[in-house]
Amino acid sequence: MEFRTRVGLALVLLGCFLGAMVALDAFGEAFFPQNAPVVTPGALIDQVFTRAGFQYGPQTWRPGYNPLGIDPGQDVLDNETWYLMYIDLNATPVSGDPNVRKIGSVRLTYNFTDLAGRAVFHVYGLTTGTHPTRTNRQVGYNHCGFVVTGNATAGTSMPAATPLAISGIHQYTVAISNNQQADYNGLTATTRTFSFYPPAGSGEGALHIASSLLNRRGDVTETPDQGGSFYVTATGNDPGNDLLLLVAVDRPQPDGFGLRVRSEFVRSG
Amino acid sequence: MAIKKPYFSLYEIALLSLCAALIVVLNTTFTLPLNVPGHTGIYWVVPVIIGVGIVKKPGAGTYIGFVSGILATLFGLNTLHILNLFIYLAMGGMIDLVGLLFFYRLDHPAAGFIAGAAGNLAKMVVNYTLQTFLGIPAVFIIIGIGTASISHFIFGGLGGIIAALVLHRLLKAGVISRDES
């Protein structure tokens with residue numbers, strides 16, 4: 001057989017292999033049985049937040065290497081005004097790292113009272129060293145998020161909120177709205193730091209927000225249900241060692257606003 | 001009594017062992033912050049292809065894989081410990097096979113590309129198989145396997161082209177010849 005024929009044959013074989021892997025990636029989840037998820041007893045946090053928890057805004061973006069939009073699937077939109085609250089979930093999903101045996105995700109249960117307009121959930125995974133802070137993908141392939149729409153009458157202001165300044169060094173220290181232990185950087189019990197490193201977009205897509213564990217790569221859910229749950233999953237090898245929930249609302253909330261958040265670890269492997 | 005000639009000469013053993021050690025050195029020295037699966041293939045496959053391309057004997061790649069696997073295990077290069085050996089053996093064995101397929105003309109960029117890509121993909125397949133064997137659910141492994149395959153293919157192929165160019169220059173300079181034996 002000629003040298004060129006052999007090159008062609010080898011490339012065809014490699015192409016077939018790659019095609020099979022892409023097909024496995026796209027359709028393979030249905031072929032592999034998954035263990036029934038088991039909820040670890042006890043909530044990691046179970047806390048009610050009021051509108052005083054929204055400490056940031058009005059602003060059009062959320063932290064990323066470059067500012068990210070807030071509406072799932074959208075870039076930063078200048079005509080929007082969002083108010084942001086960060087909650088430490090005291091949990092982290094665990095992906096397929098061979099060093100761990102407790103593979104699982106974080107189930108988050110929410111209950112809104114008097115929600116006006118739209119509330120969007122995003123997640124951040126805090127990391128160490130030069131690993132960029134993880135977050136769910138904002139736009140493009142496998143972007144995800146969870147949106148709840150309420151019909152309460154909007155409030156007039158958000159007195160506790162001030163806009164977060166865009167950082168030139170891609171690093172943000174934010175206040176969390178629940179009381180937690182001081183983090184690994186020795187910061188105060190109420191602050192956490194996001195560090196994003198080049199290239200732009202790194203860290204995005206390592207965490208996912210999924211309405212069901214049947215779709216671990218996440219999806220976008222829009223619902224009018226004022227109570228419900230979703231999962232935070234990870235598919236990379238480092239989901240971060242602490243998980244922060246970002247709750248963004250698109251208008252001032254009324255005095256009666258309340259959000260109960262409960263996080264649990266769900267073992268699935 | 002006739003003395004049985006060893007399969008690899010002393011020169012070949014020394015060369016292949018140096019190539020194996022070079023893999024470990026490259027793996028330790030270079031930490032590219034690319035965060036793309038398989039990107040290490042761009043330098044990992046180079047010593048294997050050069051070793052196979054110079055020695056031109058079946059088993060040369062497997063020997064490099066075996067020695068580098070032992071070294072990587074001793075130096076604790078990644079998380080699979082002694083099982084690393086299988087990953088390195090898979091890459092070496094696959095490059096051996098590709099070398100045979102192309103009559104050891106690995107100085108040709110196309111052959112180098114295929115050898116590098118196939119070697120890097122073999123490494124990926126064995127790595128994922130071992131992780132599944134160790135208890136990681138298959139569903140976690142297949143998530144993103146398409147992207148991982150493509151990145152292993154590209155980076156391994158690029159490494160293969162680099163190796164082919166190095167081999168070509170060595171041939172052109174007369175350091176090695178097409179028919180050493």
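So, how was this worked out
- Throughout, a residue's number is its position along its own chain's written sequence, starting from 1.
- To label them, take the chains in the order written and letter them from A, then take the ligands in the order written and number them from 1.
- Restriction of local features to residues with pLDDT of at least 70 applies here, the model being predicted, together with a cutoff of 80 or more for giving and counting side-chain atom pairs; totals for whole chains, interfaces and linings are based on all residues.
- Strands are runs of DSSP state E lasting at least two residues, helices are runs of H or I lasting at least four, and both sets are numbered from the N terminus onward.
- Atoms counted for the radius of gyration: C-alpha only. Globule rule: 2.2 Å times the number of residues to the power 0.38.
- Our exposure labels follow a C-beta count within 10 Å of each residue's own C-beta, placed from the backbone: buried means 20 or more other C-beta atoms, exposed means 12 or fewer, and partly exposed covers the counts in between.
- Think of it this way: build a C-beta for each residue from its backbone, and any pair within 7 Å is a contact.
- Orientation is described by axes fitted as lines to C-alpha atoms, over the contacting stretch for helices, and by angles from 0 to 180 degrees between their N-to-C directions.
- Angles below 35 degrees are treated as roughly parallel, those above 145 as roughly antiparallel, those between 65 and 115 as roughly perpendicular, and all remaining angles as oblique.
- Note on residue classes: Ala, Val, Leu, Ile, Met, Phe, Trp, Tyr, Cys and Pro are nonpolar, Asp, Glu, Lys and Arg are charged, and everything else, Gly too, is polar.

Draft legend 1. Highlighting the overall build of chain B. A tally of helices and strands in chain B yields 7 helices and 0 strands. The helix and strand sequence of chain B, counted from the amino end, reads α-α-α-α-α-α-α. A compact globule built from 181 residues would reach a C-alpha radius of gyration of about 16 Å, and chain B, at 16 Å, matches this within 12%. Burial analysis of chain B (181 residues in total) assigns 51% to the buried set. Within chain B, contacts between residues at least 6 apart in sequence are counted, and of these 78% link residues at least 24 apart.

Draft legend 2. Representation of the packing of helix 1 (residues 3–27) of chain A against helix 7 (residues 145–173) of chain B in the model. Relative orientation of the contacting elements helix 1 of chain A and helix 7 of chain B amounts to 155 degrees, with a least axis distance of 7 Å. One element, helix 1 of chain A, and the other, helix 7 of chain B, form an angle in the roughly antiparallel class. Contact residues: A:Leu14, A:Leu18, A:Met21, A:Val22, A:Leu24, A:Asp25 and A:Ala26 in helix 1 of chain A; B:Ile145, B:Gly146, B:Ser149, B:Ile150 and B:Phe153 in helix 7 of chain B. Across the contact of helix 1 of chain A with helix 7 of chain B, the residue classes tally to 9 nonpolar, 2 polar and 1 charged.

Draft legend 3. Highlighting the packing of helix 1 (residues 10–29) of chain B against helix 2 (residues 41–55) of chain B. Residue and element names in this part refer to chain B. Helix 2 packs onto helix 1 with a crossing angle of 170 degrees between their chain directions and a minimal axis gap of 8 Å. With respect to helix 2, the element helix 1 is oriented roughly antiparallel. Taken together, the residues of helix 2 that come into contact with helix 1 (itself represented by Glu12, Leu15, Leu16, Cys19, Leu22, Ile23, Leu26 and Asn27) are Tyr43, Trp44, Pro47, Val48, Ile50, Gly51, Ile54 and Val55. In terms of residue class, the contact of helix 1 with helix 2 is made up of 13 nonpolar, 2 polar and 1 charged.

Draft legend 4. Just the environment of A:Gly117, in detail. Note on placement: A:Gly117 falls in strand 6 (residues 116–126). Take A:Gly117: there are 16 C-beta atoms within 10 Å of it, and that puts it in the partly exposed class.

Draft legend 5. Spatial organisation of the environment of A:Arg118. Residues and elements named next belong to chain A. Within the element layout of this structure, Arg118 appears in strand 6. For the pair Arg118 and Thr149, spaced 31 residues apart in the sequence, the C-alpha separation amounts to 4.4 Å. Leave out the neighbours within four places in its chain, and Arg118 touches Val147, Thr149, Val249 and Asp250.

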